[in-house]
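One letter stands for each residue in the lines below.
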Amino acid sequence: MADELRILYRDDHLVVVHKPAGLLVHRSAMARGEREFLLQRLRDQLGQRVYPAHRLDRPTSGAMVFALSPEIATHLGRAFAEREVAKRYLAVVRGIGPEAERLDYALREEDGRRPKAEMPAQEAVTEIRRLDSVELPVCVDRYPQSRYSLMEAFPLTGRRHQIRRHLSRRGYPIIGDARHGKGNHNRFFAEHLEAPRLLLAAVGLAFDHPATDQRLRIECAPDGVMSALFERFGWAGHLPKDGVGSLSPDQAAWPAFEAPPTAPLTAL
């Protein structure tokens, strides 16, 4: 029997849950053969229907919002679509990432229905900040040492695989990213650091409650794989804890920072 899902917040209108890495949110045409989904697990755990308000990639873990009625789902879906929800992620990347930067690279859809080059380029913006870094005396690539960074990412748009593609394009692929990352570094983390998956976690959400208009901030602790790695690298001080708070109308969810923009590049 599967472990119970971590509930971060729940009231009569919505629930925020920690999505485990590797778990699909719901059934889809690309999920043939899969038997377990977040939506069904949460429905069974709560004993009522739930409605996803947004999405997280299968390998990504972290906070996800579900509505408890179609009406609330409509309100939440609109808030996500209109960029009224602030989202915070943590990622472990190869190399020493930039101190702070705004990545403004247009992205083409990756849905497999037709060649990506035929898809229209869509605006995609992510703000990133380096929180910490580590240098290991191990030759994983062509250098005698290997460097990795803990990056904070704030996606200002919601394109598929946006953070993964933006960081990879900037030269700092996320560890464990089989599609946009580096296989030798992924294998090193899997075989020697007990981290065999994508090291990207949605650790924070801030949004206006659709029933009360109160602005909520939800914090989500990373799972055991990422937490253990943070401890190992001396990054434990950056580990968020599960928690819920309220914000005043003029209060930012997280500290602002100056991020010099990168020059816009051709669409990916």
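See above for the structure.
Given the structure is predicted, the values throughout are model-derived calculations rather than measurements. (Residues numbered from 1 in each chain as written. Predicted model: local features only at pLDDT ≥ 70, side-chain atom pairs only at ≥ 80, totals over all residues. Heavy atoms only, no water.)

### What about the nonpolar core?
Counting residues in each nonpolar core, the largest one holds 29 residues, and the members touching the most others are Leu42, Phe66 and Ile174. The set of elements that each furnish at least two residues to this core consists of β2 (14-19), α1 (38-46), β4 (61-67), β5 (86-94), β10 (146-155), α3 (162-170) and β11 (200-208). Looking at this core, the element that brings in the most residues is α1, giving 4 residues. Setting aside chain neighbours within four positions, we find Phe66 in contact with Leu14, Val15, Val17, Val25, Leu38, Leu39, Leu42, Val50, Tyr51 and Pro52. (Core = buried A, V, L, I, M, F, W, Y, C linked by side-chain atoms within 4.5 Å. Buried < 20%, exposed > 50% of the residue type's maximum accessible area, 1.4 Å probe, protein only. Helix = DSSP H or I, 4+ residues; strand = E, 2+ residues; numbered from the N terminus. Contact = heavy atoms within 4.5 Å.)

### Examining the environment of Tyr148
Topologically, Tyr148 is positioned in strand β10. Accessibility expressed as a relative area gives 0% for Tyr148, which makes it buried. When the C-alpha atoms of Tyr148 and His185 are compared, they prove to be 9.9 Å apart, with 37 residues separating the residues in sequence.

### Topic: the packing of aromatic side chains
Each pair of aromatic rings is reported with the distance of its centres and the angle of its planes. Under the criterion given, the structure shown has 6 aromatic pairs. Considering the side-chain rings of Phe189 and Phe233, the 6.1 Å spacing of their centres and the 90° angle between planes classify their relative orientation as edge-to-face. Note that Phe189 is positioned in helix α4 (residues 183-192) and Phe233 in helix α5 (residues 224-233), a separation of 44 residues in sequence. Of the two residues, Phe189 and Phe233, both sit in the buried class. Between Phe230 and Trp235, the aromatic rings sit 5.8 Å apart at their centres with planes inclined by 75°, giving edge-to-face as the arrangement. By way of ring pairs, the aromatic residues Tyr148, Phe188, Phe189, Phe230, Phe233 and Trp235 are connected into one cluster. When the ring centre of Tyr105 is taken as reference, the NZ or CZ atom of Arg169 above it lies at 5.9 Å. (Phe/Tyr/Trp six-rings, centres within 6.5 Å; stacked < 30°, edge-to-face > 60°. Lys NZ or Arg CZ within 6 Å of the ring centre and 35° of its normal.)

### As for the side chain of Asp177
Residue placement: Asp177 occurs in the loop between α3 and α4. For Asp177, a relative accessible area of 1% gives the class buried. Within the structure, Asp177 has its side chain in polar contact with the backbone nitrogen of Arg179 (distance 3.1 Å). In this structure Asp177 touches Arg164, Lys182, Asn186 and Leu198, once residues within four positions along its chain are discounted. (Polar contact = N/O pair within 3.5 Å; in protein donor to acceptor, adjacent residues only side chain to side chain.)

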